[in-house]
Amino acid sequence: MAVDENGIPIPPEELQIYNSSLQDPPYAKKFAFVWVAAAAFCVLLASPRLWRSLRSGRFFAGVRGIGEDFERDSKYESVLAGGNNYSPPSSSPTTKQRIATIVRGWCSALITWSLYSPPLLRLDVGH
């Protein structure tokens with residue numbers, strides 16, 4: 001049996017107690033890096049939708065709830081007051097807008113699929 005300089009026996013490797021101060025830091029750094037990278041990737045994927053909701057004013061709608069803005073000059077014109085001047089939009093969507101609509105539709109379908117939960121199993125694909 002091995003002995004240190006003070007005469008204390010040193011147990012074999014397989015009988016030594018797990019030293020978390022030596023083993024955990026490298027794994028903790030890898031774990032933190034992976035989760036930060038995954039969170040950044042998710043934010044990057046969600047950024048177009050967040051940008052659109054900021055531009056349209058829907059970003060904080062879930063927090064504020066539904067309300068009306070009486071201070072702004074409204075562009076709303078009553079149908080009765082304005083007469084029957086409705087004309088459908090004449091311009092058709094561009095190819096870029098069509099592609100963006102198709103991509104958003106597929107992304108929405110994939111998000112919906114990730115929430116599918118098989119019967120009798122309380123986990124979905126998103127979990």
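Small disclaimer: the values here were computed from a predicted structure and weren't measured.

Peer 1: Go over the overall build of the chain with me, naming the residues and quoting the values.
Peer 2: Summing up its helical and strand segments, the chain has 4 helices and 0 strands in all. Beginning at the N terminus, the succession of helices and strands in the chain can be written as α-α-α-α. Expressed as a percentage of its 127 residues, the buried residues of the chain come to 2%.

Peer 1: Explain the packing of aromatic side chains to me, and be specific about the residues and the numbers.
Peer 2: Following the criterion strictly, the structure yields 1 aromatic pair and no others. Between the aromatic rings of Phe31 and Trp35, the centroid separation amounts to 6.2 Å while the plane-to-plane angle is 65°, which identifies the pairing as edge-to-face. Of the two residues, Phe31 and Trp35 are both situated in helix 1 (residues 20–56); the distance of 4 residues between them amounts to about one turn of the helix. Here Phe31 and Trp35 have matching classes, each one exposed.

Peer 1: Let's hear about helix 1: which residues, and what values?
Peer 2: Compared with the 54 Å implied by 1.5 Å per residue over 37 residues, the 51 Å span of helix 1 between its first and last C-alpha is a close match. Along helix 1, the helix axis deviates most sharply at Ser47, where the bend reaches about 45°; the proline Pro48 sits within four residues downstream. Of the residues one or two after helix 1, Gly57 is the one with positive phi, at around 85°.

Peer 1: Tell me about the confidence of the model for the chain, and name the residues and values.
Peer 2: Looking at the chain, the pLDDT average stands at 76 and 71% of residues meet or exceed 70. Of all secondary-structure elements in the chain, the lowest mean pLDDT belongs to helix 3 (residues 79–82), at 59, while helix 1 reaches the highest, 85.

Peer 1: How would you summarise a nonpolar patch on the surface if you had to cite specific residues and measurements?
Peer 2: A surface patch of nonpolar side chains, about 510 Å² in accessible area, is lined by Leu50, Trp51, Leu54, Phe59 and Phe60. Mapping Leu54 onto the fold places it in helix 1.

Peer 1: Tell me about the environment of Arg49, and name the residues and values.
Peer 2: As for its placement among the helices and strands, Arg49 is situated in helix 1. According to the relative accessible area criterion, Arg49 is exposed, its value standing at 54%. Spatially, the C-alpha atoms of Arg49 and Phe59 are 9.5 Å apart, while their sequence positions differ by 10 residues.

Calculation notes
- Residues numbered from 1 in each chain as written.
- Predicted model: local features only at pLDDT ≥ 70, side-chain atom pairs only at ≥ 80, totals over all residues.
- Heavy atoms only, no water.
- Helix = DSSP H or I, 4+ residues; strand = E, 2+ residues; numbered from the N terminus.
- Buried < 20%, exposed > 50% of the residue type's maximum accessible area, 1.4 Å probe, protein only.
- Phe/Tyr/Trp six-rings, centres within 6.5 Å; stacked < 30°, edge-to-face > 60°.
- Expected span 1.5 Å × (residues − 1).
- Bend = angle between axes of the 7 residues up to and from the residue.
- pLDDT = per-residue confidence, 0-100.
- Patch = residues over 30% accessible without salt bridge, like charges linked within 9 Å, V, L, I, M, F, W, Y side chains within 5 Å.
- Areas by Shrake-Rupley, 256 points an atom, 1.4 Å probe, with all protein chains shown as cover.
- Salt bridge = Lys/Arg side-chain N within 4 Å of Asp/Glu carboxyl O.

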